[in-house]
Amino acid sequence: MATILDKPETKEAMSSLNLEKIRRDFPILRREVDGKRLVYLDNAATSQKPLSVINKISEYYQRYNANVHRGIHTLSEEATAMYEGTRETVRHFIDAKETCEIIFTRGTTEGINLVASTWGRQNVLPGDEIVLSPMEHHSNLVPWQVLAQEREAKLVFLELTAEGEIDMEAAAKLIGSRTRIVAVTQMSNVLGTINPIKELAALAHKQGAVILVDGAQSVPHMQISVQEMDADFVAFSLHKMLGPTGVGVLWGKKDILKAMPPYMYGGDMIASVSRERSRYNELPWKFEAGTPNIGDVIASAAAFEYLTTMGLDNVREHEVEITRYALNRLREINGITIYGPKDPQKRGGVISFNMKDIHPHDLGQILSDAGIAIRAGHHCCQPLMKDLQVMGTARASFYIYNTFEEVDMLLAALREADKVMGNVAYR
Ligand code: 7TS
């Protein structure tokens, strides 16, 4: 009988997860692309969905589709209970104090826009500073550019070390008395870097500023506690964490959210309305004008449950191991440049790279012909591409169902690409 001390017979035994069992939950992973097995390595863009999520969407439309918070009939009561129940699931998942701090949005982008438009307009004055990192996704850059232009405020950028980590000594100087907000990603979608949010929050709070955390890449992949990290806002998207598209969460500290004006106006966000003026609803509904994305919010609960059952620590461990393996194997390739921290413990399961002078789009196409889905381009981080002095990168990103064998398949396809394209100069 095998004991836990036995050497793994396959590479998959290196994982903290039962990959074979997990893969059976994702019907899409059984599909073929041009007669080849699909190898899905574009998880930073969006994750695949397990049957439990797919079924929950279908169940909602088949059994209790109704509008929420309005009808006094059974279906509406059931839909409302499930919708509000998901809010409690989220509260627990991110360790928030109260459910009223959980606002459903369409995604990370909407959450950040909400904060920039409401909190930002209320709190940022001419001459104030908005501190960002150079690795922000356009979603956590463009809303602040617009706010800064409108308020005559200044954008200040943190500095990165050679390995793509935030230089904390410089950060202590750059976050100053004019800083009103520090808006930073917890995990880079290009470099994979995991940023020290707690330390950045302490620097911001020391100056009387607040901190917004872009959790689009971190929340799906590691256990977070909004209280422990002492953030003021955290935004993330369900579609990157097994959930449906069109659902996001904005969490904010209750006192801050309470003082903010609404983002959109209309049904559901009001307490009472007369011809001339309105009183607004309380949290969180003040920020959820109109009919929300009921079916997808309800199905999101299944995504949270799937990850919770698996254990976020196991998710993280699997990603560290597969990233470690992939980094080691990728380094075997001549002429490869890999971006971001060398230590897999310091990064998420995202690996951006370039191979010699091969254009990343060509790499993406050659891999796609082999059934392997990666992303190529600027990854909505054009300023970072400029800093790295590249037009774009190829990017492989992993999640709970990716196997070590798939990393080997990536390697084989990259070697093939090198054979075909390696001598072609593009610059
Ligand atoms: N912030 C980060 C760090 C992201 O990676 C993304 C999406 C977003 C914000 C925006 O999320 P959304 O759900 O509102 O669109 N990142 C990617 C990516 O890396 N490839 O495709 C989308």
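Residues numbered from 1 in each chain as written. Predicted model: local features only at pLDDT ≥ 70, side-chain atom pairs only at ≥ 80, totals over all residues. Heavy atoms only, no water.

(A) How the structure looks around the pattern of salt bridges. Enumeration according to the criterion identifies 24 salt bridges in this entry. The salt bridge involving Arg-329 is made with Asp-408; its shortest N-O contact spans 2.8 Å. On the criterion of sequence distance, the pair formed by Arg-329 in helix 12 (residues 312-330) and Asp-408 in helix 15 (residues 404-421) is long-range, its members being 79 residues apart. (Salt bridge = Lys/Arg side-chain N within 4 Å of Asp/Glu carboxyl O. Helix = DSSP H or I, 4+ residues; strand = E, 2+ residues; numbered from the N terminus.)

(B) Here's a closer look at the site of the ligand. With respect to spatial proximity, 16 residues lie near the ligand, and among them Thr-109, Asp-214, Ser-237, Arg-375 and Arg-395 are the closest. Contact between the ligand and Lys-240: a nitrogen atom at 2.9 Å from a side-chain N or O atom of the residue. Surface burial for the ligand is 87%, taken as the share of its 490 Å² of free accessible area covered by protein chains. By residue class, the composition of the shell around the ligand is 3 nonpolar, 9 polar and 4 charged. (Near = heavy atom within 4 Å. Polar contact = N/O pair within 3.5 Å; in protein donor to acceptor, adjacent residues only side chain to side chain. Areas by Shrake-Rupley, 256 points an atom, 1.4 Å probe, with all protein chains shown as cover. Nonpolar A, V, L, I, M, F, W, Y, C, P; charged D, E, K, R; others polar.)

(C) Spatial organisation of the nonpolar core. Core analysis: the largest hydrophobic core is formed by 76 residues, its most contacted members being Ile-94, Ile-211, Val-234, Phe-236 and Ile-400. For this core, the leading source of residues is helix 11 (residues 294-310), giving 10 residues. Structurally, this core is a two-domain feature, drawing no fewer than three residues from each of domain 1 (11-30 + 311-420) and domain 2 (53-309). Those residues in contact with Val-234 that sit more than four places away from it in its chain are Val-213, Val-219, Ile-224, Val-226, Met-229, Val-249, Leu-250 and Trp-251. Core analysis: the second largest hydrophobic core is formed by 28 residues, Ile-322, Leu-327, Ile-336 and Ile-351 among them. (Core = buried A, V, L, I, M, F, W, Y, C linked by side-chain atoms within 4.5 Å. Buried < 20%, exposed > 50% of the residue type's maximum accessible area, 1.4 Å probe, protein only. Domains from an automatic or database assignment. Contact = heavy atoms within 4.5 Å.)

(D) Looking closely at the domain arrangement of the protein chain. As assigned here, the protein chain comprises domain 1 (11-30 + 311-420) and domain 2 (53-309). On the domain 2 side, the residues contacting the 35 residues of domain 1 number 31 residues. For the pair domain 1 and domain 2, the two sides together bury roughly 2600 Å², of which 61% comes from carbon and sulfur. Contact with domain 2 buries surface across domain 1, with Leu-312, Leu-384 and Tyr-399 losing the most and accounting together for 25% of the total. The interface formed by domain 1 and domain 2 holds 2 salt bridges in total. We note a salt bridge from Glu-165 to Lys-346, for which the minimum N-O separation is 3.9 Å. (Buried area = accessible area lost by both parts, 1.4 Å probe.)

(E) Summary view of the pairing of strand 17 (residues 393-397). With 5 of 5 residues buried, strand 17 is to be regarded as a mostly interior element. By the bridge criterion, 4 bridges tie strand 14 (residues 350-355) to strand 17 in an arrangement that is antiparallel. Its bridge partner lying in strand 17, Ile-351 is registered against Ala-396. Taken together, the 3 bridges between strand 16 (residues 375-377) and strand 17 define a ladder with antiparallel strand orientation. In the sheet register, Ala-376 faces strand 17, and the bridge partner there is Ala-394. (Pairing = 2+ DSSP bridges.)

(F) Main features of the packing of helix 12 against helix 15. One can describe the packing of helix 12 onto helix 15 by two numbers: an axis separation of 10 Å at closest approach and a directional angle of 25 degrees. By the angle between their directions, the pair helix 12 and helix 15 is classed as roughly parallel. The handedness of the crossing between helix 12 and helix 15 comes out as right-handed. Along its contact with helix 12, which presents His-318, Glu-321, Ile-322, Tyr-325, Ala-326, Arg-329 and Leu-330, the element helix 15 presents Phe-404, Val-407, Asp-408, Leu-411, Leu-414 and Arg-415. Its residues assigned to classes, the contact of helix 12 with helix 15 comprises 8 nonpolar, 1 polar and 4 charged. (Axes fitted to C-alpha atoms, helices over the stretch in contact; angles between N-to-C directions. Parallel < 35°, antiparallel > 145°, perpendicular 65-115°, else oblique. Left-handed = near helix turned anticlockwise from the far one by under 90°.)

(G) Region of interest: unusual backbone geometry. Here the bond from Leu-283 into Pro-284 is cis, since omega is 0 degrees, no more than 30 degrees from zero. As for its placement among the helices and strands, Pro-284 is situated in the loop between strand 12 (278-280) and helix 11. Even without glycine at this site, Asp-95 takes up a positive phi of about 60 degrees. For Asp-95, a relative accessible area of 34% gives the class partly exposed. In this model, Asp-230 sits at a positive phi of 55 degrees, which is unusual for a non-glycine residue.

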